[in-house]
Amino acid sequence: MTQSSRLAGFYDQPLEKRIERVARWAELAEDETSVLRGAMGLDLTRADQMIENVIGLHSLPLGIAVNFVVNGRDVLVPMAIEEPSVVAGASFAAKLARAGGGFQAITTAPEMIGQLQVLDIADPWSARFDLLAARAELLTLANETDPVIANLGGGARDLEVRIFEQTPAGPMLVVHLIFDCRDAMGANTVNTACETLAPRVKQITGGRVGLRILSNLADRRLARARCTVPVEALAFGDFSGERVAQGIVEAWAFAAADPYRAATHNKGIMNGVDAVVVATGNDWRAVEAGAHAYAARSGHYTSLSAWARDAEGNLAGTLEMPLAVGFVGGATRVHPTARVALKILGVQTARELAEIIASVGLAQNLAAVRALATEGIQRGHMRLHARQVTIAAGATEDEVARVTERLIAGGHVRPDRAEAILAEMRSEH
């Protein structure tokens, strides 16, 4: 029986009911469900094996974004994030996109770039010629560093050589090793291959090999997502669908033209992207670095997404960005919650994971620009923010809802107002 991610009323259900519903969806075992309850997640012993100088654990809320259809498949999306309104925004935007058939997403081959910096070369152009002449030998040498990936159909794909005739350190030659990492993110594999190539590159060029390291500008490993929202689905309150659609296009045009706006526009995209990347145990710093570098690849920092009206007048959005995420290795297999998150997603490959993440990024972007172009970002966000302020003021579980309502009604969502309302309520009792 096909399951639907359209979980009406999911937000209003008690916490335990939400856990049970997701556990049934993903067919989680009891120990996996216990991970969601916090009973069997990351412990200090395992944390101490993951990084150095461990003194404790730091938790983030794990939410579920509903309503997603990606490439025809219903998906529940785990998102680890502390910011209110992100999970709700992604879920709402996925509902809008669902009216137009959901998200379509594609990825390029999972190829990463390893860089070797070569210095102190008398004739860089001749050195470049010699390296390219030895391409087959160097690719074979790189493949020997990870025969498992090579046997799975991945491995070294190509060798590129770039020359920088003027840098603050003088002329340098940069070798790019293009390496297909299959279902791994690939940092360790590519770094090892670069280290292995360094002595031979030194012999061939007669130069000095400096840095040997992966590049996080993974522009050979792109994810693209698209959605179409029927214009009538965008209508609400006093806002016609036509007005909302045009407002979204105009909001995107602002980001496309102005880097100050583009930075915040892209931050909204990364709210969705990072939350899934963190939930699945992937490297969100690498994804962030690649995304923003890609946004500036033309020399002008601009939007990662694009919004337009199609021939029928419907709203059409696309997103393109590097997405170097893995399905095997690293924290994706060590962290108990990451393993459960991947099971909930039901993905079988790193490319499928990247396609879902790109779709979430586009959904989050849609939610943000829709709010900005209509009633403003604060109306929906402040209700959720008010709950955090109320909890921080010391409200108990029974007091949170009442204090939050008074805080919002007063129009000033601040810690001092929450403390005053809480004190007043308690004095009344």
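Residues numbered from 1 in each chain as written. Predicted model: local features only at pLDDT ≥ 70, side-chain atom pairs only at ≥ 80, totals over all residues. Heavy atoms only, no water.

A. Focus on the overall build of the protein. Counting its regular elements, the protein contains 17 helices and 10 strands. For a compact globule of 429 residues, the expected C-alpha radius of gyration is about 22 Å, and the protein comes in at 25 Å, within 12% of that figure. Relative to its full complement of 429 residues, the protein shows a buried share of 48%. Within the protein, counting contacts between residues at least 6 apart in sequence, those at least 24 apart form 71% of the total. (Helix = DSSP H or I, 4+ residues; strand = E, 2+ residues; numbered from the N terminus. Rg over C-alpha atoms; globule rule 2.2 N^0.38 Å. Buried < 20%, exposed > 50% of the residue type's maximum accessible area, 1.4 Å probe, protein only. Contact = heavy atoms within 4.5 Å.)

B. Focus on the layout of surface pockets. There is about 220 Å³ of room inside the second largest pocket. Ile81, Glu82, Met270, Asn271 and Asp274 are, among the 14 residues lining the second largest pocket, the residues nearest its centre. When residues of the lining of the second largest pocket are traced back to their parent elements, those giving at least two are helix H10 (259-279) and helix H11 (284-295). For the lining of the second largest pocket, the element with the highest residue contribution is H10, accounting for six residues. Class assignment for the residues of the lining of the second largest pocket results in seven nonpolar, two polar and five charged. (1 Å grid on protein atoms, 1.4 Å probe; cavity = no way out; pocket = protein on both sides within 12 Å on 5 of 7 lines; lining within 4 Å. Points joined across faces, edges and corners; volume = space filled by probe spheres on them. Nonpolar A, V, L, I, M, F, W, Y, C, P; charged D, E, K, R; others polar.)

C. Examining the sheet that holds strand E4 (residues 111-119) more closely. The four strands lie next to each other as E5-E6-E4-E7, forming an open sheet whose pairing is antiparallel. For this open sheet the edge positions go to strand E5 (155-164) and strand E7 (208-215), each flanked by a neighbour on one side alone. Each neighbouring strand pair of the sheet contributes to a mean axis angle of 20 degrees, computed without reference to strand direction. With eight bridges connecting them, E4 and strand E6 (residues 172-180) associate as antiparallel partners. Within the sheet, the bridge partner assigned to valine 118 lies in E6 and is leucine 173. The strands touched by helix H5 (residues 124-133) within the sheet are E5 and E6, with E5 carrying the most contacts at an inclination of about 170 degrees. (Pairing = 2+ DSSP bridges. Axes fitted to C-alpha atoms, helices over the stretch in contact; angles between N-to-C directions.)

D. Local environment of the pattern of salt bridges. Using the criterion set out here, one finds 21 salt bridges in the structure. Residues lysine 267 and glutamate 83 are paired through a salt bridge, measuring 2.9 Å at the closest nitrogen-oxygen approach. Taken as a pair, lysine 267 in helix H10 and glutamate 83 in the loop between strand E2 (73-80) and helix H4 (86-98) lie far apart in primary sequence, 184 residues in all. Among the residues examined, lysine 267 registers a relative accessible area of 40% and is labelled partly exposed. When the shortest N-O distance is used, the salt bridge between arginine 414 and aspartate 416 registers 2.9 Å. (Salt bridge = Lys/Arg side-chain N within 4 Å of Asp/Glu carboxyl O.)

E. Focus on the side chain of threonine 302. Its place among the elements puts threonine 302 in the loop between H11 and strand E9 (305-309). Each residue touching threonine 302, except ones within four places of it in the same chain, is listed here: Ala255, Ala256, Ala262, Asn266 and Ala295.

F. Quick look at the environment of glycine 411. By the secondary structure assignment, glycine 411 is in the loop between helix H16 (400-410) and helix H17 (415-428). A C-alpha to C-alpha distance of 46 Å links glycine 411 and glycine 330, two positions 81 residues apart in sequence.

G. Highlighting the pairing of E4. Burial within E4 is extensive, with eight of its nine residues counted as buried. Sheet topology places E4 next to E7; six bridges connect them, and they run antiparallel. The residue bridging isoleucine 113 from the neighbouring strand is serine 215, located in E7.

H. Quick peek at H16. Within H16 the residues assigned to the buried category are Val400, Val403, Thr404 and Leu407. All buried residues of H16 fall inside an arc of 100 degrees around its axis, so they share one side. Glycine 411 lies just past H16 and shows a positive phi near 80 degrees. (Arc of directions from axis to C-beta.)

I. Up close: the packing of H4 against helix H14 (residues 350-373). Orientation of H4 relative to H14, taken along the N-to-C sense of each, is 95 degrees, at an axis distance of 8 Å. As the angle between them shows, H4 and H14 are arranged roughly perpendicular. Where H4 abuts H14, its residues Val86, Gly89, Ala90, Phe92, Ala93, Ala94 and Leu96 lie against Ala363, Gln364, Leu366, Ala367 and Arg370. Split by residue class, the contact of H4 with H14 holds nine nonpolar, two polar and one charged. (Parallel < 35°, antiparallel > 145°, perpendicular 65-115°, else oblique.)

J. Quick look at the packing of H10 against H11. Interaxial distance between H10 and H11 falls to 10 Å at its minimum, and their mutual angle equals 150 degrees. Taken together, the axis directions place H10 and H11 in an arrangement best described as roughly antiparallel. Of the two possible hands of crossing, H10 and H11 adopt the one that is right-handed. Facing Asn266, Met270, Val273, Asp274, Val277 and Val278 of H10, the residues of H11 in contact are Trp284, Val287, Glu288, Ala291, His292 and Ala295. Of the residues in the contact of H10 with H11, the class split is eight nonpolar, two polar and two charged. (Left-handed = near helix turned anticlockwise from the far one by under 90°.)

K. Local environment of the environment of threonine 280. Mapped onto the elements of the fold, threonine 280 is located in the loop between H10 and H11. Considering only alpha carbons, one finds threonine 280 and valine 340, 60 residues apart in sequence, at a separation of 8.3 Å. Sequence-distant contacts of threonine 280, that is, excluding residues within four places in its chain, are made with Thr332, Ala338, Ala341, Leu342, Leu345 and Leu353. A distance of 3.2 Å separates a polar atom in the side chain of threonine 280 from the backbone oxygen of valine 277. (Polar contact = N/O pair within 3.5 Å; in protein donor to acceptor, adjacent residues only side chain to side chain.)

Keep in mind these numbers describe shape, not what the thing actually does.
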